[in-house]
Amino acid sequence: MFTPVCLGLVLITATPVWSQLTAIPYETPTTPADETRMQIPPPMSGTAYPTMVGSEMHSNYLAVGLVLNTAYADNVVVDGSAGPISDFIYSILPTIALDKNTPQQLLSLTYSPGFTLYQRTSGLDAATQSVALIAGYRLSQHADITVSDSFQKSSSAFDQLSSSSGNGISGSTQIPSAEVVAPYANRLSNTVNVGLSYQFAKNAMIGAGGNFTQSSYPNPAQAVGLYNSNLGGGSVFYNYRFSSSQYIGATYQYSRNREDPVSAQSPENTQTKIQTHTFLASYTVYLNPKFSFSLSCGPQYYDATQSSLAPARSWTPSATASIGWQRNNTNFVASYSRGIGGDIGLSGVYNSYGVNTSARWRITRTWNLGVSASFFSNKNLTPLLDSSSPGGHTVSGAASVQHSLSDHFSAEVGYARIHQNYSGVGVISDTPDNNQETITISYRLARPLGR
């Protein structure tokens, strides 16, 4: 049952969520607050909060760089090995980044190919790829279109879980995936989002979007018990600004997820299909331009089918809350979510809830400190479809200290830990705990772009 606060928010009005869409932070002229263009609050935009302190944020540049990373891992498992062993892992990651932001358009592109080499377990050596693209265009004074694409080829859970990899934390009402990954397995993932917003009145906006996410493990032996996933969907929203700093709205989201066992000989016999319909109300307040709080809640309906089994259908509550605070030398982000997630990696329908947080401090001009932590719990709501995994939980965290050696060179020391408890997933049961200590040397050369 919903709490009275949540129920009241659903009945009064709402603020939607644009499933995993990215808002466009175009440069805009300074005008009185009541004449500015409406913002797209985090619940609707799906944009990740920035995790850098304000003084580290830059725009309109072309940059190249190189990252050399040495990590010590205490629990590496090779396909067919008797058990986990400790190992040193070396990574070489060249990077090129382009950022172009004007009043009319936005383009942000980062590409980083790389190589990961293991000292003792060379069978895990792999080439890696990471591409992130955000493109936005202002169609008119009141209409924007956004396209984003994120691709990753990785062989480490530390690169795939957001709290450990340093990826942004989203305030989106789109419930995140189950956060279940094989610790040391090649994994391909790709997420594409498209969105359109139109401000048809001084304080009113509508929008729509679509998204597609694919996750797969090319080597089945490295991901025993996990599932490949194809998740797609769309959403529509209405957004209303009732004061210069407060927004409310309503959204409807639809998603469809197909899950295939990684190692099944006949995937069609155990393929699971899940559809969800979500109705949400949201409220966002900007206490100042760099401090916002968002709350969303509403009902979800799911419909899951597998082979000849009877379908599983039911209603369940969904809720999210997030906060973002950014200053010149401090950054803090936190989010809470509860609902039916994408459950990438697992089969069946899971009721997921989790907490994700990140903080960063610029101690001096050359020293930075960062910490992050997350907890995700997943309970199987359809045991008749998949009794092999009742669910489980994931706990992860990371801490790092960074020192700028010069304008172009920096060094970083970090520690990260991941604990996954899923009794029905063999590859995770063998190695539930993973720890890494890292030393990183980075070089970055950036040049400003003309406007």
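Every value quoted in this text rests on a predicted model; they were computed, and no experiment measured them.

The rules behind each value
Each chain carries its own residue numbering, running from 1 in the written order of its sequence. The predicted nature of this model means local features are confined to residues of pLDDT at least 70 and side-chain atom pairs, given and counted, to a pLDDT of 80 or more, with totals for whole chains, interfaces and linings taken over all residues. To get the side-chain values, all heavy atoms of the structure are used, and hydrogens and water are removed first. Comment: elements are numbered from the N terminus, with helices defined as DSSP H or I runs of at least four residues and strands as E runs of at least two. Three labels apply to residues, based on accessible area from a 1.4 Å probe with only protein chains included: buried if under 20% of the type maximum, exposed if over 50%, partly exposed otherwise in between. Here, residues are in contact when the closest pair of their heavy atoms is within 4.5 Å. Working definition of accessibility: Shrake-Rupley area with a 1.4 Å probe, residue cover restricted to the visible protein chains. Classification of ring pairs rests on two measures: the distance between centres of Phe, Tyr or Trp rings, Trp counted by its six-membered ring, which must be within 6.5 Å, and the angle between planes, read as stacked under 30 degrees, edge-to-face over 60 and tilted in between. Lysine and arginine charges are scored as sitting over a ring when NZ or CZ, respectively, is within 6 Å of the ring centre and within 35 degrees of the ring normal. For this document, the term salt bridge refers to a Lys or Arg side-chain nitrogen within 4 Å of an Asp or Glu carboxyl oxygen. To qualify as a nonpolar core, a set must consist of buried Ala, Val, Leu, Ile, Met, Phe, Trp, Tyr and Cys residues joined through side-chain atoms within 4.5 Å. Any two strands with at least two DSSP bridges between them are considered paired. Using only the protein atoms, space was sampled on a 1 Å grid; points where a 1.4 Å probe fits but cannot get out form cavities, open sets with protein on both sides within 12 Å along at least five of seven lines form pockets, and lining residues are those with an atom within 4 Å of a point. Grid points are joined across faces, edges and corners, and a volume is the space filled by probe spheres set on the points. For this classification, Asp, Glu, Lys and Arg are treated as charged, while Ala, Val, Leu, Ile, Met, Phe, Trp, Tyr, Cys and Pro are nonpolar and the rest, including Gly, are polar. pLDDT measures the predictor's confidence residue by residue and takes values from 0 up to 100. A 3.5 Å cut-off defines polar contacts: any pair of N or O atoms within that distance qualifies, except that in protein one atom must be a possible hydrogen donor and the other a possible acceptor, and neighbouring residues in sequence count only when both atoms are side-chain atoms. Each patch groups residues whose relative accessible area exceeds 30% and which form no salt bridge, using 9 Å between like charges and 5 Å between nonpolar side chains of Val, Leu, Ile, Met, Phe, Trp and Tyr.

Engineer: What is the right way to read the overall build of the chain from this model?
Structural biologist: A count of helical and extended segments in the chain gives 6 helices and 20 strands. Here the chain, with 451 residues, has 47% of them falling under the buried criterion. Taking all contacts inside the chain whose residues are at least 6 apart in sequence as the whole, residues at least 24 apart take part in 65%. By element, 60% of the accessible surface of the chain is carried by carbon and sulfur atoms, the whole surface being about 20200 Å².

Engineer: Sorry, what's going on with the packing of aromatic side chains here?
Structural biologist: Geometrically, a pair of aromatic rings is defined through the distance of the ring centres and the angle of the planes. Counted according to the given criterion, the structure contains 11 aromatic pairs. Pairwise contacts between aromatic rings join Y252, F279, Y301 and W315 into one cluster. Over the ring of Y61 we find R444; its NZ or CZ atom is 5.1 Å from the centre of that ring.

Engineer: Help me understand the pattern of salt bridges in this model?
Structural biologist: A pair can form between side chains of opposite charge whenever their charged atoms are brought close. Going through the model one piece at a time under the given rule, you end up with 4 salt bridges. As a salt-bridge pair, D144 and R37 come within 2.8 Å of each other at their nearest N and O atoms. Here R37 lies in the loop between α1 (4–12) and α2 (42–45) and D144 lies in strand β6 (residues 143–154), a separation of 107 residues in the sequence. R37 gets classed as partly exposed once you look at its relative accessible area, which sits at 24%. Between D144 and R138 there is a salt bridge, with the nearest N and O atoms lying 3.2 Å from each other. For D144, a relative accessible area of 7% gives the class buried.

Engineer: Would you explain the environment of L231 in this entry?
Structural biologist: Secondary-structure assignment places L231 in strand β10 (residues 227–243). Spatially, the C-alpha atom of L231 lies 6.5 Å from that of R258, the residues being 27 residues apart in sequence.

Engineer: How do you make sense of the nonpolar core when you look at a structure like this?
Structural biologist: Nonpolar side chains in soluble globular proteins tend to end up buried together. Ranked by internal contacts, the top residues of the largest apolar core, which has 26 residues, are A182, Y184, Y217, L226, V425 and I428. Secondary structure elements with two or more residues in this core: β2 (61–76), α3 (157–160), β19 (409–421) and α6 (426–429). Considering each element in turn, this core owes the most residues, 3 residues, to β2. Apart from the residues within four sequence positions on either side, I428 is in contact with V180, V181, L226, Q420 and Y422. Grouped together as the second largest cluster of nonpolar side chains are 7 residues, M44, F237, Y247 and Y286 included.

Engineer: Please explain the pairing of β6 as it appears in this structure.
Structural biologist: Every regular strand shows the same layout, with side chains that alternate between the two sheet faces. Two strands pair when backbone bridges link them, and strand β5 (residues 126–138) and β6 are joined in this way by 10 bridges, in the antiparallel orientation. Paired with V131 across the two strands is F151, which belongs to β6. Linking β5 to β6, which pair antiparallel, is a turn of 4 residues. Relative to strand β8 (residues 187–201), β6 runs antiparallel, the two sharing 12 bridges. Opposite V147, over in β8, you have V194 as the bridge partner.

Engineer: I tried to follow empty space enclosed by the protein on my own but got confused; where do I start?
Structural biologist: Any empty space left between atoms is shown by rolling a water-sized probe over those atoms. A complete count under the given rule lists 2 cavities of 30 Å³ or more for this structure. Of the voids in this model, the second largest cavity is the one considered here, and its volume is about 40 Å³. Its residues assigned to classes, the lining of the second largest cavity shows 5 nonpolar, 3 polar and no charged.

Engineer: Even after reading the chapter, I still don't get the confidence of the model for the chain, so can you show me in this structure?
Structural biologist: On average, the chain scores 81 in pLDDT, and the residues at 70 or more come to 80%. Across residues 1–34, confidence stays below pLDDT 50; counting only partners more than four residues off in sequence or on other chains, it has 125 contacts. Under a pLDDT of 50 for its full length, residues 162–167 has, in the predicted model, 20 contacts with residues more than four places off or in other chains.

Engineer: Would you mind showing me how to read the environment of Y252 here?
Structural biologist: Locating Y252 in the fold gives a position in strand β11 (residues 246–261). With near-sequence residues (within four places) excluded, Y252 lies in contact with G234, S235, V236, H277, T278 and F279. Within the structure, the side chain of Y252 is placed 2.7 Å from the side chain of H277, a separation counted as a polar contact.

Engineer: Which parts of the structure should I look at to understand the pairing of strand β3 (residues 85–101)?
Structural biologist: By the bridge criterion, 14 bridges tie β2 to β3 in an arrangement that is antiparallel. Along β3, the bridge assignment pairs L66 with P94. In terms of strand pairing, β3 meets strand β4 (residues 105–118) through 10 bridges, oriented antiparallel. The partner of Y90 across the bridge, within β4, is L117. Remark: 3 residues form the turn of the hairpin made by β3 and β4, two consecutive strands paired antiparallel.

Engineer: What's the story with a nonpolar patch on the surface in this structure? I'm lost.
Structural biologist: Nonpolar side chains collect at one region of the surface, where L66, L68, F88, Y90, I92, F115, L117, L405, F409 and I441 lie side by side and expose about 880 Å² of accessible area between them. At the level of secondary structure, the elements contributing two or more residues to the nonpolar patch comprise β2, β3 and β4. Top element by residues in the nonpolar patch is β3. It accounts for 3 residues. By the element assignment, Y90 lies in strand β3. Note on Y90: relative accessible area 32%, which makes it partly exposed.

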